[in-house]
Amino acid sequence: MATFAKVVELNGFSAAARALKVPKAAVSRAVADLERALGVVLLTRTTRRIRLTPAGEQLLPDCLAIVAAAEATRAQAIRLNHQREGPLRVRAEAALGRLLLAPLVPRFLERFTDIALELELGDPSAPSPEEAPPDVEIRVGSSGSPGRVVRELGAPPRVLAATPAYLQKRGLPVRPEDLEQHDLLTPEGAGSSYLMRLSQQSRRAEVTVRPKLAADDPAVIHAAMAAGVGIGLLPEFLCRQGLATFKLTRVLADWELPGAAPLVAEYRGELATDRRVTALVDFLAANIVPALAR
């Protein structure tokens, strides 16, 4: 259809062949194939000029619209490629960036030597101080924004932990029911009750507690727990360093807790074919799960 439109525009097969940089025979064959596919004659040819048939006159506007749409798509692709020059901009929640991404970034840069990263740690939902938003956001749970691609990276296991000083003062729980006598720091349930579900092989336990503190930011819970306020319910990777240095103690270590909300990589749909984005997201999907393992 594009070849047919070019023949009409330049009023000749030879001129169209020169413009398209193909042999004249290829232009003639393309128009003949189009006429055969449509079942109508589009052009009448003489030694001096070509003329549109009535069918050609009716179909030409549609062919021109298709050519214009294809050119618009090509121009948009060029603009997107231009916009994606420079470093890949990544924004991650602060705790995720420090504890999970920081050890993986050098390995990614070593493997993909032609990709540069610009990593910003902060709230992914906050507006970007730059004109252009980040290319990839690493966050807990999806933002729910339309037109976004969400790739789950893994769900971190959760633990109960507290400082030795708190446990020395209040006692170490030995059964799930003992939690009812303690100050709990949970992701939700402030001023009301929080249902905590635990499992130990085939055993199940449900304990309803009234949290001392509830916060949607795990860093706030971690800070309160580290200050000895109570027993925190947190993703294990946030407590890993404290547990390793004995600044924190696991509580009910032989009981399992449901995992935290999954970590996801989120980006705009138009970046789904960006090689840099797919390289980073695939790398994180393959390496975050081992990093989350206890």
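Residues numbered from 1 in each chain as written. Predicted model: local features only at pLDDT ≥ 70, side-chain atom pairs only at ≥ 80, totals over all residues. Heavy atoms only, no water.

### A short note on the sheet that holds strand β14 (residues 263-268)
Here is step 1: Taking strand neighbours across the sheet as the criterion, the five strands line up as β4-β3-β5-β14-β6 in an open arrangement whose pairing is mixed. Each end of this open sheet is capped by a strand with a single partner; those strands are β4 (117-121) and β6 (148-154). Shown here is a sheet whose adjacent strand axes are inclined to one another by a mean of 20°, direction ignored.
Here is step 2: Here six bridges tie β6 to β14, and the two strands are oriented antiparallel to one another. (Pairing = 2+ DSSP bridges. Helix = DSSP H or I, 4+ residues; strand = E, 2+ residues; numbered from the N terminus. Axes fitted to C-alpha atoms, helices over the stretch in contact; angles between N-to-C directions.)

### Things to note about the sheet that holds strand β7 (residues 158-162)
Here is step 1: Here we have five strands laid out as an open sheet, ordered β11-β8-β12-β7-β13, and mixed in their pairing. The open sheet is flanked by β11 (213-214) and β13 (249-251), the only strands paired with a single partner.
Here is step 2: Pairing geometry for β7 and β13, over three bridges, is antiparallel. Bridge pairing links Ala161 to Arg250 in β13.
Here is step 3: Along the sheet face, helix α7 (residues 218-226) touches β7, β8 (184-186), β11 and β12 (231-235) and points at about 145° away from the line of β12.
Here is step 4: Across the sheet, helix α8 (residues 236-244) is in contact with β7, β12 and β13; its angle to β12 comes to roughly 120°. (Contact = heavy atoms within 4.5 Å.)

### Quick word on helix α3 (residues 24-38)
Here is step 1: With 15 residues, α3 ought to run about 21 Å at 1.5 Å a step, and its terminal C-alpha atoms sit 21 Å apart, in line with that.
Here is step 2: Those residues of α3 not exposed but buried are Val27, Val31, Leu34 and Glu35. Taken around the axis of α3, the buried residues stretch over an arc of 100°, which confines them to a single face. Every exposed residue of α3 that faces more than 90 degrees away from the buried side is listed here: Arg36 and Ala37.
Here is step 3: On the buried face of α3, the contacting elements are α1 (2-10), α2 (13-20) and β1 (43-45). (Expected span 1.5 Å × (residues − 1). Buried < 20%, exposed > 50% of the residue type's maximum accessible area, 1.4 Å probe, protein only. Arc of directions from axis to C-beta.)

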